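Structural characterization, general
Next come the chains, spelled out residue by residue.
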Amino acid sequence: ITLTVNWIVKPFTMAALGILFFRYLFGDLIPPTDAEQYIAGLILLGAAPCTAMVFVWSTLTRGDATYTLVQVSVNDLIMIVAFAPICGLLLGVTDLVVPWETLLLSVLLYVVIPLGAGYLTRRHLTAKAAGHDAGEQIVHDFTARVKPFSVLGLLATVVLLFGFQGQTVLEQPLTIALIAAPLVLQSYGIFAVAYGWAKAWGVPFNIAAPCALIGTSNFFELAVAVAISLFGLNSGAALATVVGVLVEVPVMLSLVAFANRTRGWFSPGSTHV
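Described in the following lines is the structure provided in the data block. (Residues numbered from 1 in each chain as written. Predicted model: local features only at pLDDT ≥ 70, side-chain atom pairs only at ≥ 80, totals over all residues. Heavy atoms only, no water.)

1. Concerning the environment of W265
Within the secondary structure, W265 is located in the segment after α10 (236-261). The class of W265 is partly exposed, set by a relative accessible area of 48%. When the C-alpha atoms of W265 and K199 are compared, they prove to be 7.5 Å apart, with 66 residues separating the residues in sequence. (Helix = DSSP H or I, 4+ residues; strand = E, 2+ residues; numbered from the N terminus. Buried < 20%, exposed > 50% of the residue type's maximum accessible area, 1.4 Å probe, protein only.)

2. Here's the deal with the packing of aromatic side chains
Scanning the model with the defined rule gives ten aromatic pairs in all. Taking 5.3 Å as the distance between ring centres and 65° as the angle between the ring planes, the aromatic pair formed by F21 and F26 counts as edge-to-face. Residue classification places F21 among the buried positions, given a relative accessible area of 10%. A relative accessible area of 13% places F26 in the buried class. One aromatic cluster is present, formed by F191, Y195, F205, F258, W265 and F266 through successive ring pairs. (Phe/Tyr/Trp six-rings, centres within 6.5 Å; stacked < 30°, edge-to-face > 60°.)

3. Points about empty space enclosed by the protein
Take a probe with the size of a water molecule and roll it over the atoms, and the empty space left behind shows itself. All chains considered together, the criterion is met by two cavities of 30 Å³ or more. Volume-wise, the largest cavity comes out at about 110 Å³. The wall of the largest cavity is formed by K10, M14, L183, Q186, S187, T216, N218, G244, V247, E248, V251 and M252. When contributions to the lining of the largest cavity are tallied by element, the ones reaching two or more residues are α1 (2-25), α7 (173-200) and α10. With five residues, the single largest contributor to the lining of the largest cavity is α10. Put simply, the second largest cavity is a space of about 30 Å³. What lines the second largest cavity is simply C50, T51, A52, M53, N218, F219, F220 and E221. Class assignment of the residues belonging to the lining of the second largest cavity gives a composition of five nonpolar, two polar and one charged. (1 Å grid on protein atoms, 1.4 Å probe; cavity = no way out; pocket = protein on both sides within 12 Å on 5 of 7 lines; lining within 4 Å. Points joined across faces, edges and corners; volume = space filled by probe spheres on them. Nonpolar A, V, L, I, M, F, W, Y, C, P; charged D, E, K, R; others polar.)

4. Considerations on the environment of G27
Looking at the element boundaries, G27 is found in the loop between α1 and α2 (32-46). With relative accessibility at 29%, the residue G27 sits in the partly exposed group. Residues G27 and C87 lie 60 residues apart in sequence; the distance between their C-alpha atoms is 23 Å. Here G27 is in contact with F21 and F22, once residues within four sequence places are set aside. (Contact = heavy atoms within 4.5 Å.)

5. Focus on the packing of helix α5 (residues 100-127) against helix α9 (residues 220-231)
For the pair α5 and α9, interaxial distance at closest approach is 10 Å and the crossing angle is 145°. Our pair here, α5 against α9, has a crossing hand that is right-handed. Where α5 abuts α9, its residues T102, L103, S106, Y110 and V111 lie against L222, A225, V226, S229 and L230. Classifying every residue of the contact of α5 with α9 by side-chain character gives seven nonpolar, three polar and no charged. (Axes fitted to C-alpha atoms, helices over the stretch in contact; angles between N-to-C directions. Left-handed = near helix turned anticlockwise from the far one by under 90°.)

6. Re the layout of surface pockets
Each pocket or cavity is described by its volume, and for the largest pocket that value is around 2,100 Å³. Sorting elements by how many residues they give to the lining of the largest pocket places helix α6 (residues 132-171) first, with 13 residues. For the lining of the largest pocket, the residue count by class is 28 nonpolar, eleven polar and seven charged. In this structure, the second largest pocket spans a volume of roughly 240 Å³.

7. Quick word on the pattern of salt bridges
One pass over the full model with this rule turns up one salt bridge. Its salt-bridge partner being R23, residue E36 comes within 2.9 Å of it at the nearest N-O pair. Residue E36 is located in helix α2, and its partner R23 is located in helix α1; the two are separated by 13 residues in the primary sequence. Looking at E36, the relative accessible area reads 15%, which means it is buried. (Salt bridge = Lys/Arg side-chain N within 4 Å of Asp/Glu carboxyl O.)

8. Quick look at α7
Over its 28 residues, α7 extends 40 Å from the first C-alpha to the last, a length consistent with the 40 Å expected when each residue adds 1.5 Å. The largest bend along α7 reaches roughly 25° and is located at A180, with the proline P182 sitting one to four residues downstream. After α7 finishes, the residue G202 shows a positive phi value of roughly 70°. (Expected span 1.5 Å × (residues − 1). Bend = angle between axes of the 7 residues up to and from the residue.)

9. Remarks on unusual backbone geometry
Not every positive phi belongs to a glycine, and R62 is a case in point at roughly 55°. If you trace the backbone, R62 turns up in the loop between α3 (54-60) and α4 (65-91).

So, to be careful, I would describe these as geometric facts and stop short of saying anything about function.
See the structure below:
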């Protein structure tokens, strides 16, 4: 369910909504050049399913941690080969020139290298231990030590993004609202598809909730980085991805609340998380 929603449904519906809203519904409100930039930013968000914050959403719904980890790992591996082709294909509809080398370099920098570094770090730590249990404890201790720095890094990234785009956000609230409209519609729509599908198939709640939330959330760090690399820091595409960050947290929290209220719709599944 998650793989189908993430890679077959979500990127193409996001592109379709972007074109519908910015070429037609909002066509009289936004200059055409800006509209194409906003579409590009939405496409980059739609092609990058979440790989980090989904652990938070899964925890808040008491979702199955093993399922969440496996699904995020699979998404990362698919992203290595699928993100650039999907973005290149969909950005072509905006008539913007897309340098493939920049797309591929972005995937290398923001997906491949972090994955490789994590794998090599884990191998190095476990190799230092005589037994498997000791190795796992070393990994756990290392993760606990570096976790505060990763949180600070994420917060610093978000603060810098809003710092660079803060003036635009304050001076153009209507533009921000127009960009947010298709993002919000897409988020609730994707959640409804995945959550409804999981219910129809009899998936237990502790799988169904993270299953739907993974497809709904975005890997906004990658989308923002690629938008800046392709179109520039002050581009409309970069602004659209920043609005995606602004919209995501309240939308996802509302969906977490909805999932927890509808827990009774599903079989309980495993109680061990």
